[in-house]
Amino acid sequence: MARDVTPELRQLVQRGLDHHEHGRLHDALADWETALKLDPRHVQAKRLVEFGRKRAREIDAGEHTAPSRRDTLESPIPQFLAALTERKSDKIAVPTGPLQDGPTPKGPLGESPSSEFDWGGPDERPSARNRAKTVNAEEAAVPDTLEDLPVTVQDILASATELVGECRAALNDNRAAPAALAAELAMQLAERAPPPGIDDLIEQSRALFERAFRAFAGNPHGCPIRAIPTATIADQGLDERAAFLMSRLDGMTSIADLIDSSGLPRFDAMRVISSLRRAKAIDLLPPLQ
Amino acid sequence: MPERVIGIDLGTTNSCVAVLEGSTPTVIANRGGYKTTPSVVAIAESGKRLVGHIAKRQAVTNAENTAWAVKRLIGRPWTSPAVQAVKAAVPYPLVEGPHGDVRIRLRDQMFSVPEIAAYVLQEMRAIAEEYLGKPVSKAVVTVPAYFNDGQRQATKDAGRIAGLDVIRIINEPTAAALAYGFGKKVDGKVAVFDLGGGTFDISILDITNGVFEVVATAGDTFLGGEDYDKRLVDWLVQGFAKEHKVDLRSDTMALQRLKDAAEKAKCDLSSVRETEINLPFIISTGRNQAYHLHRVITRSKLEELTLDLTERTIQICRLTMEDAGISPEDLTEVVLVGGMTRMCKVQELVGEFFGREPCKGVHPDEVVAMGASIQGAALVDAAAAPDMLLLDVTPHSLGIMVAGGHFHRLIERNTTVPTAKSHVFTTVRDDQTSVKIVAFQGESDRAEENELLGEFVLSGLRKAAKGEVEVEVTFEISADGIVSVSAQDMETGAEQSITVTAASSLTESEIARMASENQEHMVAARAEEEVEKERQRIEKLVDEAETLLPKVEEILAGTPFGEDSLDNVRLILDDARMAVERRDAGGLEQVAEPLMRTLNMFRGVVDSGRIR
């Protein structure tokens, strides 16, 4: 019987994936290419090599998808929500300052200069520059709940309603990024300090939000791999559910299968994947043929 | 060329499929590149059926809707101790079925055990079909040597539900021995030590002139690789609790990751002396404060944690050999089967006990499927496996209950199959007009201490003094080990017979219904795949058209072609984008042609623009 190359091959594929998530594309590609030489029929190695070569070409060619006006949120993030999300432990992967190219915010949204943040296309190479801005843990104390802020129930409901409207409008306009962001923010509002009446609004909008998350997550048959180390995602405001989903990624499991095999409620899984995309924590390989 | 027959090792935790290519058995890898596929079936929240790796990966987080190790249940009646033991050990709900059989409830749908097994068989079939590039309808499926008739029948039923004609059921140790070329090259006593993911079996085969006799078989259906994984998980959980005061078992996602990592580490330690277990952000403390798990484990630590498990397998070997009156010196070979026999400690202890270096192929978890594929090819094409005379034996004695509750054997254990034996019985009472034939299998002289196979009544006998009327009882065992019993009134020729189906098996109509439902499910799944393919194709076209649109607009600006036509084209693109997003099969079909025309027009315009 022939020599068993399986353990060696798997180790190479895995080491390549580790290199890739730490931003060492060329090392990753070298490992994947060695793996493919061991077994030229190995589907996973083949796909990763194709992905790695394409990505390397893009980088060499200096290709960069400029943030598009289409990908920004029309309305500003509600001030009180921005304030809440600044606390390190509760951060969500959203910009904490004014959005690039967006209209003038209605009120001051904090001083942090996060205008570099963009909502580039889903297949962009993540970089320090375009990842979600994170806030230093030692920054000023921020309130725990909405009750600690000078904000009325009407303000919150008005904001939530506005976000639902924005989500719908963006979806109708095929702008998945702002649609998913609006949905995420509305969910945050409902979860953080739900005023009476918001549950109904959110409940009615769940199907809409799910569509937004799905649209932004990308092709459901695309197969993600990690683009940043899992250990760092807490800094991006992501939780252990996101870490769990990241642990399942191998470039062979499609988003649809990932959701089915997550054991998480569908809506939640979709929302987490959408957040991972926004945080540029994952890259997407094409569907398996 | 006759149709290819695949060999399937339908395992408790993993299954494997092989086909004979030329004269070489080839194990077929699944899409993920794995040559074994977990025997796990789950129903996702979306209602989708998950089989194999994808099902295994969510087995902890979706525990109630994930069926695994159903082989421990197949063909067993609800009341059997084995079923009750499984019931206590698994998180998925088991309920009693309409025939005193076992049913599994997954997301409010009821499944028989053969149905779940069928989904695994179907997956193996699909893997083979993808590799061979053509449909496969025939298979040889392996079962443990101790499987009784009901369990073998239920395995065949599973094949039928999966749309597979199981042309032969063979014993796993026999298949393993075949894969090693025994029967051709080796005669003598062979020990097959099979430590898989969920079960341990030791079988002693006596191979003479191509006849494989199972002289002794024993094992533990609750001892396998998963128990080794559990020890490793426990060690990790305890270490983490000590360090961080956090119980990882409280979180199903953490536990799922631990299980996956433990299994991987265990496998790695068969080839390296030390490995890292690295699980970043495995749990948080409410406010996203991430805890990471990072530990190094050595091979010797794993061996220490699991030594009693390995020793238990040796203990079972010792008892089995003693019972059978066989000593290690009587053996010609010792064969290792099952993924767990890759573990160095297992090999070491087996070698010590048997006093010889065991035969180990490169892939101990693939040899059973390889053997099954050799048998499959031989069955349809004698030329494929010349000189192969492959005969299995019945593992139990078969007979009926006679006056006084005694067990009258018609077929002795270890008789080569197929076989048929008859015996003439007489009435035991005056004017007795009917006889009840109660068939058993087992080795006890007391009928009731053996396993009941079935019973039927032959009536209409002539009234006469006891001992005058003669009834001939015939037991027949097919090559698959399926038993039928018949009784014939020697005077009138009137006959009654049964094919023994254990009380736990499915009816013909149930099997037919399940097979057709399964077929419908597959057709629907395939249709869905087709829609998805078309959706992806249309999406690519839309992307290209949208990329070209600004250029087209620029070139056509101010030409007689005009805004109206462009508006029309934009509508087509909008419709197409909508159909893509909604996965609307009808919409996709409608837009396909106008979209293609639009794109061709765009390409033409852009090209002509370039020329000018």
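These figures come from a predicted structure and were not determined experimentally.

(A) Representation of the domain arrangement of chain B. As far as domains go, chain B holds domain 1 (1–180 + 365–386), domain 2 (225–306), domain 3 (398–499) and domain 4 (509–611). For domain 1 of chain B versus domain 2 of chain B, the separation of C-alpha centres amounts to 30 Å.

(B) Representation of the pairing of strand β22 (residues 435–441) of chain B in the model. Residues and elements named next belong to chain B. β22 sits mainly inside the fold: six of its seven residues count as buried. In terms of strand pairing, β22 meets strand β23 (residues 451–458) through seven bridges, oriented antiparallel. Among the inter-strand pairings, Val-435 is bridged to a residue of β23, identified as Leu-458.

(C) Region of interest: the sheet that holds β23(B). Residues and elements named next belong to chain B. Strand order across the open sheet formed by four strands is β20-β19-β22-β23, with antiparallel pairing between neighbours. Since the sheet does not close on itself, it has two edges, and those belong to β20 (406–411) and β23, each with one partner. Across this sheet, the average inter-strand angle for adjacent strands is 30°, counted without regard to direction. When strand β19 (residues 398–402) meets β22, the two strands line up antiparallel, connected through three bridges. Residue pairing across strands places Leu-398 opposite Gln-441, the latter belonging to β22.

(D) Focus on the sheet that holds strand β26 (residues 495–499) of chain B. Residue and element names in this part refer to chain B. Reading across from one edge, β21-β24-β25-β26 is the order of the four strands in this open sheet, with antiparallel pairing throughout. Because the sheet does not close on itself, it has two edges, and the strands there are β21 (419–426) and β26. Ignoring strand direction, the axes of neighbouring strands in this sheet form an average angle of 15°. One ladder, built from five bridges, connects strand β25 (residues 483–489) with β26; its direction is antiparallel. Following the sheet pairing, Val-485 is matched in β26 by Ile-498.

(E) Spatial organisation of the domain arrangement of chain A. All names here are of chain A. Here the domain parsing of chain A yields domain 1 (6–60) and domain 2 (67–289). Elements supplying a minimum of two residues to the side of domain 1 that touches domain 2: α1 (6–21) and α3 (43–60). Looking at the side of domain 1 that touches domain 2 element by element, the count peaks at six residues for α3.

(F) Spotlight on the interface of chain A and chain B. Listed per partner, the contact involves 33 residues of chain A and 33 residues of chain B. Put simply, the parts of the chain that give the side of chain A that touches chain B at least two residues each are α3, α8 (240–247) and α9 (255–260) of chain A. For the side of chain A that touches chain B, the class distribution of residues is 14 nonpolar, ten polar and nine charged.

Rules behind the numbers
Residues numbered from 1 in each chain as written. Chains lettered and ligands numbered in written order. Predicted model: local features only at pLDDT ≥ 70, side-chain atom pairs only at ≥ 80, totals over all residues. Domains from an automatic or database assignment. Buried ≥ 20, exposed ≤ 12 C-beta atoms within 10 Å, placed from the backbone. Helix = DSSP H or I, 4+ residues; strand = E, 2+ residues; numbered from the N terminus. Pairing = 2+ DSSP bridges. Axes fitted to C-alpha atoms, helices over the stretch in contact; angles between N-to-C directions. Contact = placed C-beta atoms within 7 Å. Nonpolar A, V, L, I, M, F, W, Y, C, P; charged D, E, K, R; others polar.

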